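Now for the letters of each chain:
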Amino acid sequence: MRTPRVTTEVPATPHPTGASAPGGAPARGKQNPAGPGDPAATGARTRSQQQRRRRIVQAAAALASRGGVEAMQMRTVAERAGVALGTLYRYFPSKMDLVVAVVGEEIDLLERSIERRPPSAAAAAGRAVDVLMRATRGLMREPELADALIRSLIMAEVDTPFGDRMAGLLLRVAGDGLTGETATEEQFALAGSLSSVWVHELLEMLRGRRTYEQIQRRIEIAADRLLADFGPTPSA
C-alpha cells in the first residue's frame, strides 16, 4: 500500500501591508497574479486532476488483475491510489464507473497502437481482424483482469460505452475512416456484431475452451461475412 506523504505546514510570518515577503513572494494586500482565474493556475489544477484520476484507474486495474472485480473495493482502491475515499467517489461514483474507466484505458492503448502502426491489409475484414487480435493480445497479458472486466461489462445493468467504442474503432479501420456519424445504420450494426463475436470468443478463450489460433480463425470467418460489402482500401 502506498504510504501517504505527510507535509508539515509552517505558519507564515505576517508582513506589513505593502511589504514583500522573504524570497520575493507577493505581500499581503497585493493582487496575486496566479489567482483563481489565471490560465496557468487552471491548467495546473487540470493536470493534477488528470494525474489523480489516472492513479485511481491504475490502482483499480492492479487490484482487479490479481483478484477480479471483487478486489476493487472502493476503500482499497482509494488507499492504493493515495487519495481520500471522498475524492475517489467524486471521480467515480460507483464500482461500475471504475470498471468502465479501466476498460477505456485499454481501448485508449489500442487506439494509440493503431495510430502508430495502422493495419496494412487491403481488405476491410483483414484490417478488422488485425485490430481485434491486437486487442486480444493486450488483454491476455493480464487474463484475470480481462476476465473480470469483460464479465462485469456483460452483466452490467447500466449502459457502458464499451460496445460503441469498439464498433466505432472497427468502423474507422475497416471502413477507411468511417465514423458513427458518417456510417450507415447497417454498417454500424455490422461493426457492432463483429465486436460482439470477438467478446464472446474472448470469453471462451478465458474459460479455456478456445486457443488463440481458434478464436483468430473464427473472427476471420465472421469478419469476412460481416464486412464483405465494406470493400478494399482505395489505391493511393
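These numbers were taken from a predicted model, which means no experiment stands behind them. (Residues numbered from 1 in each chain as written. Predicted model: local features only at pLDDT ≥ 70, side-chain atom pairs only at ≥ 80, totals over all residues. Heavy atoms only, no water.)

Right, let's talk about the overall build of the protein chain for a bit. Each helix and strand in the protein chain was counted, giving 9 helices and 0 strands. Order of helices (α) and strands (β) in the protein chain, N terminus to C terminus: α-α-α-α-α-α-α-α-α. The proportion of buried residues among the 236 residues of the protein chain is 36%. A separation of at least 24 residues holds for 67% of the contacts in the protein chain among residues at least 6 apart in sequence. (Helix = DSSP H or I, 4+ residues; strand = E, 2+ residues; numbered from the N terminus. Buried < 20%, exposed > 50% of the residue type's maximum accessible area, 1.4 Å probe, protein only. Contact = heavy atoms within 4.5 Å.)

When you line up the elements, T182 lands in the loop between α7 (162–174) and α8 (185–206). Of the residues examined, T182 reaches a relative accessible area of 52% and is grouped as exposed. Once the C-alpha coordinates of T182 and L171 are considered, the two residues, 11 residues apart in sequence, prove to be 9.8 Å apart. A polar contact of 2.9 Å, which involves the side chain of T182, links it to the backbone nitrogen of T179. (Polar contact = N/O pair within 3.5 Å; in protein donor to acceptor, adjacent residues only side chain to side chain.)

Moving on, we come to the confidence of the model for the protein chain. In this model, the protein chain carries an average pLDDT of 79, and 76% of its residues clear a pLDDT of 70 or more. Per-element averaging of pLDDT across the protein chain places helix α6 (residues 143–155) at the bottom with 76 and helix α9 (residues 212–226) at the top with 96. Note on residues 1–36: pLDDT under 50 across the span, and 22 contacts to partners over four residues away in sequence or across chains. (pLDDT = per-residue confidence, 0-100.)

Along the chain, E201 falls in helix α8. On the accessibility criterion, E201 (4% relative accessible area) is buried. Those residues in contact with E201 that lie beyond four places of it in its chain are R210, I215 and R218.

Let us look at the packing of α7 against α8. Running from amino to carboxyl end, α7 crosses α8 at an angle of 115 degrees, the nearest separation of the two axes being 8 Å. It follows that α7 is roughly perpendicular to α8 by the angle criterion. The hand of the α7/α8 crossing is right-handed. Facing α7, whose interface residues are F162, G163, D164, M166, A167, L170 and L171, α8 presents Q187, F188, A191, G192, L194, S195, W198 and V199. (Axes fitted to C-alpha atoms, helices over the stretch in contact; angles between N-to-C directions. Parallel < 35°, antiparallel > 145°, perpendicular 65-115°, else oblique. Left-handed = near helix turned anticlockwise from the far one by under 90°.)

Even without being glycine, D176 reaches a positive phi, approximately 55 degrees. Secondary-structure assignment places D176 in the loop between α7 and α8. Accessibility expressed as a relative area gives 46% for D176, which makes it partly exposed.

Below, the discussion takes up the UniProt feature "DNA-binding region" (unreviewed entry) in the protein chain. Under the UniProt annotation, "DNA-binding region" (unreviewed entry) lies at residues 73–92. Strand forms 0% of residues 73–92 and helix 75%; the C-alpha atoms that close the span are 12 Å apart. (UniProt positions renumbered as here; feature names shortened; annotations may be inferred.)

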